[in-house]
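A look at the structure
The chain contents come next:
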Amino acid sequence: MGTTRRKYLGRLSGLGAATVLSGCQNLPSGSGGTIEFGALAPLSGDLETLGRDAKRTVEQATKDINDAGGINGKEVELTVLDTEADVDVATEQYQSLVDRGIVGLVGGLVSDVSIALAPEATTDSVMMVSYASTAPQLSTAGQADGRKYFGRTVPNDGIQAAVMAKVIDSSIYLDADSVTVLSIDNSFGSGLAAALRQSLDASVVADVRYDPGAETFSDTIETVFENDPDAVAFTSVSGQERGVLDAYAQSDYDVPWVFSAGMFGGDIPSYYEGFYSASLSSNRTDGYFDLVRRLSDIDELETYAANAYDALFLMAAAAEKAGDASGPAIAETLRSVSSGTGHTVSVGDFDRVRSLIEAGREINYQGASGSVDLTANLEPLSSYLVQRVTDGSVESLELLQPQFFQSGGDQ
């Protein structure tokens, strides 16, 4: 098989822990002197490490904006609440943020939360920008009155599916005739699995879901391998994959796996040898290193934390350009501050954002997570790496640029 591009896109108690950050704490919440933003992140549970770093970066974005004089001269007040990665908890927390008068929301992390909240944000005219929800069905979420109230600073999983399919199908990688698709049992897993099925040339001999909270995974592994696949395409998230993988390690099966993004990190188990990943490009931008310098106690940010910084900064830049810190104004203006054209601004450059806008110039935000050039669906096309574990280390084999996913041609 060739290396052609594949088809893609196809409770809490007392509302939990909250962090309120403002450059002007003496002003009443929601007063004319402040602009309210909210953020939702899993600050407890299996995804706590991801949520913790995202919280730190949105707090840093708030500080950077306020240090530059705020949005149109008004201080930003940020409230960060814990979702526990649970839809019901997130929905309650979201309502508490709406009651505070937020105009914009950073979140959610997991796709199930974003899918549940996008319609609510649209009804409430709140601009919502996710930093980690990649489910394909979110591309069309949040549309009303000619505006789109949901965006994201991470790419659609249809892109990830194209890369995973290339690894499975291409003669330079696995050249597999058959594959089992194994996915975490949530909207993210089912959405990526659907996009992957549409992208593959290899025969899908089983399509399996798993519950990361299950007591045992031996039956899941038996189902994965009952039709003797040449490979396993595995969709999960860091922190929720190890149970099923440990069950595989204790079995007698031995086939290559292709991971979704974000699961190669930290210690690499010996049984990962020969495993592949469709990974978001790890090329670090100047903006990323600038952000890490500002967070001096963090050597390397967890996955998606840089995207959270970008989500808040973009909304603030849009409000500054619109001259109106409201959800509808941000929704209408968001793409124009990250369209790939105009004068470059980056992490911590909010004073430059203001001066360029006052001079009538266009701006192009190049963020901590990358270029963040938003499409009409308010989502970026990002670069992906094909990676493989070789001799216990992760090696990068091929970089697929955004043009690969736009062109429809070979590469």
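Residues numbered from 1 in each chain as written. Predicted model: local features only at pLDDT ≥ 70, side-chain atom pairs only at ≥ 80, totals over all residues. Heavy atoms only, no water.

This part is about helix α1 (residues 48–67). Compared with the 28 Å implied by 1.5 Å per residue over 20 residues, the 28 Å span of α1 between its first and last C-alpha is a close match. Extensive coverage of α1 is indicated by the burial of 14 of its 20 residues. (Helix = DSSP H or I, 4+ residues; strand = E, 2+ residues; numbered from the N terminus. Expected span 1.5 Å × (residues − 1). Buried < 20%, exposed > 50% of the residue type's maximum accessible area, 1.4 Å probe, protein only.)

A few words now on a negative patch on the surface. On the surface, E84, D86, D88 and E92 cluster together into a patch of negative charge. With respect to the helices and strands, the residue D86 is situated in the loop between β3 (75–82) and α2 (87–100). (Patch = residues over 30% accessible without salt bridge, like charges linked within 9 Å, V, L, I, M, F, W, Y side chains within 5 Å. Areas by Shrake-Rupley, 256 points an atom, 1.4 Å probe, with all protein chains shown as cover. Salt bridge = Lys/Arg side-chain N within 4 Å of Asp/Glu carboxyl O. Lys, Arg positive; Asp, Glu negative; His and termini not counted. Charge placed at Lys NZ, Arg CZ, Asp CG, Glu CD.)

Two elements in contact, α2 and helix α3 (residues 111–123), have axes separated by 9 Å at closest approach and are oriented at 30°. With respect to each other, α2 and α3 are oriented roughly parallel. For the pair α2 and α3, the crossing hand works out as right-handed. Contacts between α2 and α3 involve V87, A90, T91 and Y94 from the first element and D112, V113, A116, L117, E120 and A121 from the second. The residue inventory of the contact of α2 with α3, partitioned by class, reads 7 nonpolar, 1 polar and 2 charged. (Axes fitted to C-alpha atoms, helices over the stretch in contact; angles between N-to-C directions. Parallel < 35°, antiparallel > 145°, perpendicular 65-115°, else oblique. Left-handed = near helix turned anticlockwise from the far one by under 90°. Contact = heavy atoms within 4.5 Å. Nonpolar A, V, L, I, M, F, W, Y, C, P; charged D, E, K, R; others polar.)

Turning next to the packing of aromatic side chains. Note on aromatic pairs: each is described by the distance of the centres and the angle between the planes. For the coordinates displayed, the defined rule picks out 21 aromatic pairs. Measuring from centroid to centroid gives 5.5 Å for Y272 and F275, while their planes differ by 20°, and the two rings are stacked. For the pair Y272 and F275, one class covers both residues: buried. Taken together, Y210, F217, F225, F234, Y248, Y253, W257, F259, F264, Y271, Y272 and F275 form an aromatic cluster joined through their ring pairs. (Phe/Tyr/Trp six-rings, centres within 6.5 Å; stacked < 30°, edge-to-face > 60°.)

A separate point is the nonpolar core. The biggest cluster of nonpolar side chains holds 78 residues, and the ones touching the most others in it are F37, I71, V106, Y131, M315, I330 and L334. Here L334 is in contact with M127, V129, L314, M315, A318, L374 and L378, once residues within four sequence places are set aside. By size, the runner-up hydrophobic cluster in this structure holds 54 residues, among which are A193, V208, F234 and F405. (Core = buried A, V, L, I, M, F, W, Y, C linked by side-chain atoms within 4.5 Å.)

On to the pattern of salt bridges, then. Throughout the structure, instances matching the rule amount to 16 salt bridges. We note a salt bridge from R294 to D290, for which the minimum N-O separation is 3.0 Å. Of this pair, R294 and D290 both sit in helix α8 (residues 286–294), 4 residues apart, roughly one helical turn. Of the charged contacts in the structure, one is a salt bridge between E320 and R354, with a shortest N-O distance of 3.5 Å. Of the two residues, E320 is situated in helix α9 (residues 305–322) and R354 in helix α11 (residues 350–358); the sequence distance between them amounts to 34 residues. This pair shows no difference in class: E320 is buried, exactly as R354 is. Put simply, E36, E77 and R100 are held in one network by salt bridges that share partners.

We now examine unusual backbone geometry. Between G107 and G108 the backbone carries a cis peptide bond, its omega angle lying at -5°. For G108, the position within the fold is in the loop between β4 (104–106) and α3. The residue A85 is not glycine, and still its phi comes out positive at about 60°. For A85, the position within the fold is in the loop between β3 and α2. Given the relative accessible area of 31%, A85 is considered partly exposed. Positive phi values are uncommon outside glycine, yet L378 reaches one of about 60°. Examined against the element boundaries, L378 turns out to sit in the loop between β15 (363–365) and β16 (384–390).

As summarised here, the arrangement of the 7 strands in space is β10-β9-β11-β12-β13-β16-β17, forming an open sheet in which the pairing is mixed. The two strands at the open ends of the sheet, each matched to only one other strand, are β10 (203–210) and β17 (393–400). The sheet shows a mean angle of 20° between the axes of neighbouring strands, taken without regard to direction. Sheet analysis places strand β9 (residues 178–184) next to strand β11 (residues 231–235), joined by 5 bridges and oriented parallel. Bridged to V181 within β11 is A233. Against the sheet, helix α4 (residues 157–169) touches β9, β11, β12 (257–259), β13 (276–280), β16 and β17, its axis set at about 45° to β16. Helix α5 (residues 187–199) contacts β9, β10 and β11 of the sheet and is inclined by roughly 160° relative to β9. (Pairing = 2+ DSSP bridges.)

Turning our attention to the confidence of the model for the chain. Confidence in the prediction of the chain, expressed as mean pLDDT, is 89, and 90% of residues score 70 or more. For residues 1–16, every residue scores under 50 in pLDDT, and the model assigns this stretch 48 contacts once sequence neighbours within four places are set aside. Across residues 23–31 the pLDDT falls below 50, and counting only partners more than four positions away or on other chains, this stretch makes 13 contacts in the model. (pLDDT = per-residue confidence, 0-100.)

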